[in-house]
Each structure stands twice: as C-alpha cells, then as structure tokens.
Amino acid sequence: MKKNEYLKPVIEIIVFFAITAIVTVAAYPYIKRLADPAEREKFAAWISSSGAGGWFVIFGLEILQIIAAFIPGGPVEILSGVLYGGFGGLFTCLAGCITASFIVFTLSKKAGAPIVEKLFNRKEREKFAFLSDSRKLETVVFILFLIPGMPKDMLTYIAGTTPIKVSHFMLISTVARIPALALSTFVGSTVRQGEWKTAAVIFAVTAVTGILGILYRDKLINFSRTIGKKIKHQDS
C-alpha cells in the first residue's frame with residue numbers, strides 16, 4: 001500500500017475526532033445543564049412548546065447533510081435524539097434520509113454520470129465502478145449501506161447512475177441505515193435523560209465502528225465487489 005493510501009484514513013479519523021471535539025465543546029454548556037433534572041424538565045417543556053417548527057428544522061438539517069455530502073450527519077442525529085428521544089429522533093432522521101435520498105437519487109438518475117463526476121474525484125468514483133456491472137446490485141448496495149464509515153451520501157449519488165430501481169434503492173438504503181442512525185439518536189436520548197455512562201458506552205461503540213469502517217473501507221469495498229462477482233457467476 002502506498003504512503004498516500006495509509007495517510008488518507010488517518011486524516012479521515014483526525015477530521016472525525018476534530019469535528020466531534022468541536023461539536024462537543026460547543027454543546028458542553030447545554031449538555032451540562034441537562035445533568036440537572038429540573039433543567040431537563042424545562043428543556044422538555046421547551047421542546048413541546050416549539051411544536052412542528054423545531055421538528056422541521058432538524059428534518060431540514062438531515063436533508064441538507066445528505067444532499068451536501070461533505071457535511072457530517074452524526075451531530076444532527078445526536079441532536080435529534082436529544083430533542084425527540086431515541087425513537088422520535090430515529091423517526092426524524094429516517095424521514096430526512098428518505099426525503100434527501102429520493103431527491104439525490106432522482107437527480108442523479110436524470111443527470112447521469114456527469115453530476116457524480118463534478119461532485120466526487122475520479123479515484124473515489126472508481127472504487128464503486130463495479131456497481132454498474134453487478135448482477136445482484138440490491139444485495140451489494142445493502143451491504144455497503146450497512147457498513148459503518150462508508151460514504152453513504154456519495155453512494156446515493158452513484159446508485160442513481162446504476163440500473164437499480166428507485167423503489168428498491170429507497171427500501172434497501174433506508175433499512176440498512178437504521179442501525180447506525182439508532183446508535184446516534186440513542187446517544188442523544190441517554191444524554192437527555194442524564195444517563196451519562198450509557199451515553200458514553202453507546203458513543204464509544206459508534207466511534208469504534210466508524211473508525212474501523214474508515215480503516216478497512218477499501219477491504220470492505222473489495223469484499224462487496226467479490227460478493228457481486230460470485231453472485232453474478234452463480235447466476236450465469
């Protein structure tokens with residue numbers, strides 16, 4: 001493996017922790033207040049009083065972070081869990097993911113490869129070139145979306161240039177996103193409830209799986225490529 005290939009995952013991990021640290025520092029004063037049961041009650045009352053407006057803000061942020069693929073989704077998902085609880089946050093994020101994925105997929109399907117070429121560099125695109133030649137495309141897409149640390153927003157754009165049907169893609173990508181989204185929203189939910197140890201454990205699991213996904217991304221992509229080829233060979 002070349003030096004640059006070693007360096008890239010290291011940079012991604014550093015960026016991951018940098019973004020996490022910045023968000024944590026910015027949110028710490030508010031998180032600290034949630035340690036007080038009285039403050040949590042006030043916070044819950046404020047959420048209730050904000051009505052649909054507050055929900056649509058989080059919903060919109062989730063859409064934005066998928067369409068603008070360079071924006072990390074973790075902070076939005078954790079905030080969603082803080083505001084609306086584990087299941088409420090999961091529902092909010094899934095609604096945003098479904099809406100954004102449909103927009104991106106449809107746009108990519110109509111515009112074709114040129115839009116993908118403008119948004120992502122050649123090296124990244126070539127890693128997923130095998131998708132257009134996979135007989136069991138749905139199976140491979142599901143595996144890729146299930147893997148932590150995989151660039152799912154970029155995959156949504158690329159999937160639009162493949163033969164996969166929009167209805168199949170929406171179902172597969174939504175189901176595959178649920179585990180990662182649930183981990184993030186339940187981190188937020190446990191923070192809201194003052195369960196700091198539980199939040200720390202869930203966050204640690206999320207961080208470790210994300211880092212492993214980044215470190216072994218290329219091997220996991222190759223594994224998915226191999227599965228696609230094997231299935232294609234068996235069907236021939």
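The shown structure was predicted, so the numbers you read here are calculated from the model rather than taken from an experiment.

> How should I be thinking about the packing of helix α6 (residues 137-146) against helix α8 (residues 166-192) in this particular structure?
The relative placement of two packed helices comes down to the angle between their axes together with the axis-to-axis distance. Axis separation between α6 and α8 bottoms out at 8 Å; the angle between their running directions is 30°. Between α6 and α8, the interaxial angle falls into the category roughly parallel. Where α6 crosses over α8, the two elements pack in a sense that is right-handed. Each of Glu138, Val141, Phe142, Phe145 and Leu146 in α6 lies in contact with α8, whose residues at this interface are His168, Phe169, Ile172, Ser173, Val175, Ala176, Arg177 and Pro179. Classifying every residue of the contact of α6 with α8 gives nine nonpolar, two polar and two charged.

> Mind showing me how you'd approach the environment of Val116 here?
With respect to the helices and strands, Val116 occurs in helix α4 (residues 113-119). Residue classification places Val116 among the buried residues on the basis of a relative accessible area of 6%. A sequence separation of 43 residues divides Val116 from Ala159, and the C-alpha atoms of the two residues are 10.0 Å apart.

> Can you walk me through α8 in this structure?
Structural remark: α-helix, 3.6 residues per turn; residues separated by three or four positions point the same way. With 27 residues, α8 should reach 39 Å at 1.5 Å per residue; the first-to-last C-alpha distance of 36 Å fits that figure. The largest bend along α8 reaches roughly 40° and is located at Ile178, with the proline Pro179 sitting one to four residues downstream. Immediately beyond the C-terminal end of α8, within one or two residues, lies Gly194, with a positive phi of roughly 80°.

> Would you explain α6 in this entry?
For α6, every residue scored as buried is listed here: Leu137, Val140, Val141, Leu144 and Phe145. Buried residues of α6 fall within an arc of 130° about the axis and therefore sit on the same side.

> What exactly am I supposed to notice about the state of the cysteines here?
As enumerated under the stated definition, the model contains zero disulfides in all. Looking at Cys97, it has no disulfide partner, and the nearest cysteine sulfur is the one in Cys93, 6.5 Å off. Residue Cys97 is classed as buried on the basis of its relative accessible area of 3%.

Rules and cut-offs
Residues numbered from 1 in each chain as written. Predicted model: local features only at pLDDT ≥ 70, side-chain atom pairs only at ≥ 80, totals over all residues. Heavy atoms only, no water. Axes fitted to C-alpha atoms, helices over the stretch in contact; angles between N-to-C directions. Helix = DSSP H or I, 4+ residues; strand = E, 2+ residues; numbered from the N terminus. Parallel < 35°, antiparallel > 145°, perpendicular 65-115°, else oblique. Left-handed = near helix turned anticlockwise from the far one by under 90°. Contact = heavy atoms within 4.5 Å. Nonpolar A, V, L, I, M, F, W, Y, C, P; charged D, E, K, R; others polar. Buried < 20%, exposed > 50% of the residue type's maximum accessible area, 1.4 Å probe, protein only. Expected span 1.5 Å × (residues − 1). Bend = angle between axes of the 7 residues up to and from the residue. Arc of directions from axis to C-beta. Disulfide = S-S within 2.5 Å.

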